[in-house]
Amino acid sequence: MSSMQHYFKDDPFRDFYNLDGLDTVVLTTDIDWAPDYATQAVLDLVAQAGMKITAYATHDSPLLKASTEFVEIGLHPDNTRPDPVHRFARKLPDLMEIFPDAVGLRCHRNFFGQNISDLAKECGLRYDLSTFLWRQPFAQAYVDYNGLVKMAYVWEDGIHVDVGEPLALERVGLDSPGLKVLNVHPMLIYLNAPDDHLRRRLTKGIADLTSVPRSHFESDIHTGYGLRDFYRDLLAELKRRGVRTVFARDVAAAVAKQGH
């Protein structure tokens, strides 16, 4: 056993921590009310790479429901806008009516607290991925006070361009130990955006993004090197290295497998 493995020998999630070099990644996407044709841009890249992805859904999506062989569907409730009557209580149950097989969530804008955690447990969910640790090494999973498995993601496309990072693979931080959960957004990938200004400009004032026809955006898709190209190259690099992709639910399930 390597010295690194020794320190984590009692951690049920250690097999996902890349302690002896990068071998496992969790790909995720926050749907954020994107129309299915935008989500398709993400799923096509993942499918072409022969990989898996966990999609956190905000609304009904025939595309996601038809892609479950390589897609885990989680829930993406928007708790930043509590219902005037029910507050947060109906957010998860309403999504679970659409996606009854979901076992995990990531809250929109990571708006998560103890009340949301307890509501998630009441709904039968097993894990939450609403913590963001930007490029932090040694990200881990743990079992929270109520039995919910908590995980963090360490990279996402929007933050990468917002902080001015170049679109260079070495800036993702793949080579440090820890849980590697990588996140993208369909609209950024579909638009091949070089930054988030393009998406913000094109979606400003749209009340229902899910119903916007493809023709509304087609002429504005970025033709230079952008985030779709970068994500394609990132997936190619993972494939070149022989990295396996797993669903977020697979990480969470490790605690049950070891009898914790």
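Check the entry above for the structure.
Attention in this report is confined to the structure presented alongside it.

What counts, and where the lines are drawn
- Residues numbered from 1 in each chain as written.
- Predicted model: local features only at pLDDT ≥ 70, side-chain atom pairs only at ≥ 80, totals over all residues.
- Heavy atoms only, no water.
- Buried < 20%, exposed > 50% of the residue type's maximum accessible area, 1.4 Å probe, protein only.
- Helix = DSSP H or I, 4+ residues; strand = E, 2+ residues; numbered from the N terminus.
- Polar contact = N/O pair within 3.5 Å; in protein donor to acceptor, adjacent residues only side chain to side chain.
- Patch = residues over 30% accessible without salt bridge, like charges linked within 9 Å, V, L, I, M, F, W, Y side chains within 5 Å.
- Areas by Shrake-Rupley, 256 points an atom, 1.4 Å probe, with all protein chains shown as cover.
- Salt bridge = Lys/Arg side-chain N within 4 Å of Asp/Glu carboxyl O.
- Lys, Arg positive; Asp, Glu negative; His and termini not counted.
- Charge placed at Lys NZ, Arg CZ, Asp CG, Glu CD.
- Arc of directions from axis to C-beta.
- Contact = heavy atoms within 4.5 Å.
- Core = buried A, V, L, I, M, F, W, Y, C linked by side-chain atoms within 4.5 Å.
- Phe/Tyr/Trp six-rings, centres within 6.5 Å; stacked < 30°, edge-to-face > 60°.
- Lys NZ or Arg CZ within 6 Å of the ring centre and 35° of its normal.

Moving on, we get to the pairing of strand β3 (residues 71-75). Regular strands place side chains that alternate from one sheet face to the opposite one. With five of five residues buried, β3 lies mostly within the body of the structure. Side-chain alternation along β3 places V71, I73 and L75 on one buried face and E72 and G74 on a second face that is also buried.

Relative to the elements of secondary structure, R14 occurs in the loop between α1 (3-7) and β1 (24-30). C-alpha separation for the pair R14 and L179, spaced 165 residues apart in sequence, amounts to 8.7 Å. At 2.9 Å, the side chain of R14 and the backbone oxygen of K9 are in polar contact.

All right, on to a positive patch on the surface then. A surface patch of positive charge is lined by K52, R126, R244, R249 and K257. Examined against the element boundaries, R244 turns out to sit in strand β10 (residues 244-245).

Moving on: helix α4 (residues 91-98). Residues L92, L95 and M96 constitute the buried set of α4. The buried residues of α4 occupy an angular sector of 105 degrees when the element is viewed end-on, so they sit on one face. Here the buried face of α4 lies against β2 (53-57), β3, β4 (104-105) and α5 (114-122).

Our focus in this paragraph is the nonpolar core. Of all hydrophobic cores here, the largest spans 82 residues; its most connected members are L27, M151 and Y231. Looking at which element gives the most residues to this core, the answer is helix α2 (residues 36-48), with seven residues. What M151 contacts, discounting residues up to four positions off in sequence, is Y127, D128, L129, S130, T131, Q140, A141, L179, A248, V251 and A252.

Right, let's talk about the packing of aromatic side chains for a bit. One pass over the structure, following the stated rule, counts six aromatic pairs. With a centroid separation of 6.3 Å and 10 degrees between ring planes, the pair formed by F8 and F138 is classed as stacked. With F8 in the loop between α1 and β1 and F138 in the loop between β5 (127-132) and β6 (142-143), this pair connects stretches of sequence that are 130 residues apart. For F8, a relative accessible area of 13% gives the class buried. Residue F138 is classed as partly exposed on the basis of its relative accessible area of 36%. Here the aromatic rings of F132 and Y153 are separated by 4.5 Å at their centres, their planes lie at 25 degrees, and the arrangement is stacked. Here Y153 lies in strand β7 (residues 149-153) and F132 lies in strand β5, a separation of 21 residues in the sequence. Taking the relative accessible area as the measure of exposure, F132 reaches 24% and is therefore partly exposed. What makes Y153 buried here is its relative accessible area of 4%. Each residue in the set F8, Y17 and F138 is aromatic and connected to the rest through ring pairs, giving one cluster. Between the NZ or CZ atom of K52 and the centre of the ring of F247, over which it lies, the distance is 5.1 Å. Above the ring of Y153, the side-chain terminus of R106 is found at 3.9 Å from the ring centroid.

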